[in-house]
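# Reading the structure
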Amino acid sequence: MNKLHKILILIGIFFLNPISAEDINENVKKIINEESAAILVKNLNQHFITNFPSERQLCEKNLITIINNRSLSFLKESEKKQSIDNKKSLKMHANKMKSMAPVFARAGCLVKYRFELEKILYGSFHESEETILFQKASQLNLNEPKKLLIIHALSKDHNTWIKDNLDLEDKSERERRNNGFNEVLNSIAGFYINNSSLGCKKKSANSEVFLCN
């Protein structure tokens, strides 16, 4: 597997781009400037739940499996390392992936949904103004053909979806899409981590394990 393909794997993007409050705030300032970011994300999240409850569940289930398998691969890799620091780093990475798998899966599926809705609304990929997109997407009445398009996208293997949408021949377009995708992904994941009203929260006050209902 070449370096580019590794970068384009969905859960790889989650963990190659660590999320901090500062990063999230900066991204939100860039992409949302007219309405509360939390409200926009909550509205789109509800639109997703209302229109595609079973597809959303399946998408999250599949992505959790991918994340957990990647976590196991990091643990196995850690056993091969001679350096104590490298072993520790890989194990911490693997444990973080496993503990946050539900919230990252939920965020990842909403991001896929957001980009599929942009294709329907504008025929583009991360070219529309984010606030207007979120507002229109959350109010969009989906007819049967449009629903089938989204069902197909949500049912598609995650790595295949990434390859189809981000792994393009044109270098400048590939970089533009990857940068935009990463920006949106980091922002959305931050909302799920920090806003329990979206359905994800820590197992307990002292736990680092997330659960999503």
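Bear in mind that the values here come from a model prediction, so they are computed numbers and not experimental data. (Residues numbered from 1 in each chain as written. Predicted model: local features only at pLDDT ≥ 70, side-chain atom pairs only at ≥ 80, totals over all residues. Heavy atoms only, no water.)

### Concerning the pattern of salt bridges
Tallying each qualifying case throughout the model produces 13 salt bridges. Its salt-bridge partner being Arg-176, residue Glu-127 comes within 3.5 Å of it at the nearest N-O pair. Taken together, the residues span a long stretch of sequence, with Glu-127 in the loop between helix H6 (84–122) and helix H7 (130–139) and Arg-176 in helix H10 (residues 171–194) at a distance of 49 residues. Where Glu-173 meets Arg-177, a salt bridge forms, and the shortest distance between an N and an O atom there is 2.8 Å. Taken together, the residues span about one helical turn, with Glu-173 and Arg-177 both in helix H10 at a distance of four residues. Under the relative-accessibility criterion, Glu-173 is labelled partly exposed at 21%. Judged by relative accessible area, which is 17%, Arg-177 ranks as buried. Among the ionic contacts, a cluster of salt bridges with common partners joins Glu-127, Glu-173, Arg-176 and Arg-177. (Salt bridge = Lys/Arg side-chain N within 4 Å of Asp/Glu carboxyl O. Helix = DSSP H or I, 4+ residues; strand = E, 2+ residues; numbered from the N terminus. Buried < 20%, exposed > 50% of the residue type's maximum accessible area, 1.4 Å probe, protein only.)

### Considering the packing of helix H4 (residues 37–51) against H6
Running from N to C, H4 and H6 point in directions that differ by 90 degrees, and their axes come no closer than 11 Å. It follows from the interaxial angle that H4 and H6 lie roughly perpendicular. Contact with H4, carried on its side by Val-41, Leu-44, Asn-45, His-47, Phe-48 and Asn-51, involves Cys-109, Leu-110, Tyr-113, Arg-114 and Leu-117 of H6 and no other residues of that element. Partitioned by chemical class, the residues of the contact of H4 with H6 number seven nonpolar, three polar and one charged. (Axes fitted to C-alpha atoms, helices over the stretch in contact; angles between N-to-C directions. Parallel < 35°, antiparallel > 145°, perpendicular 65-115°, else oblique. Contact = heavy atoms within 4.5 Å. Nonpolar A, V, L, I, M, F, W, Y, C, P; charged D, E, K, R; others polar.)

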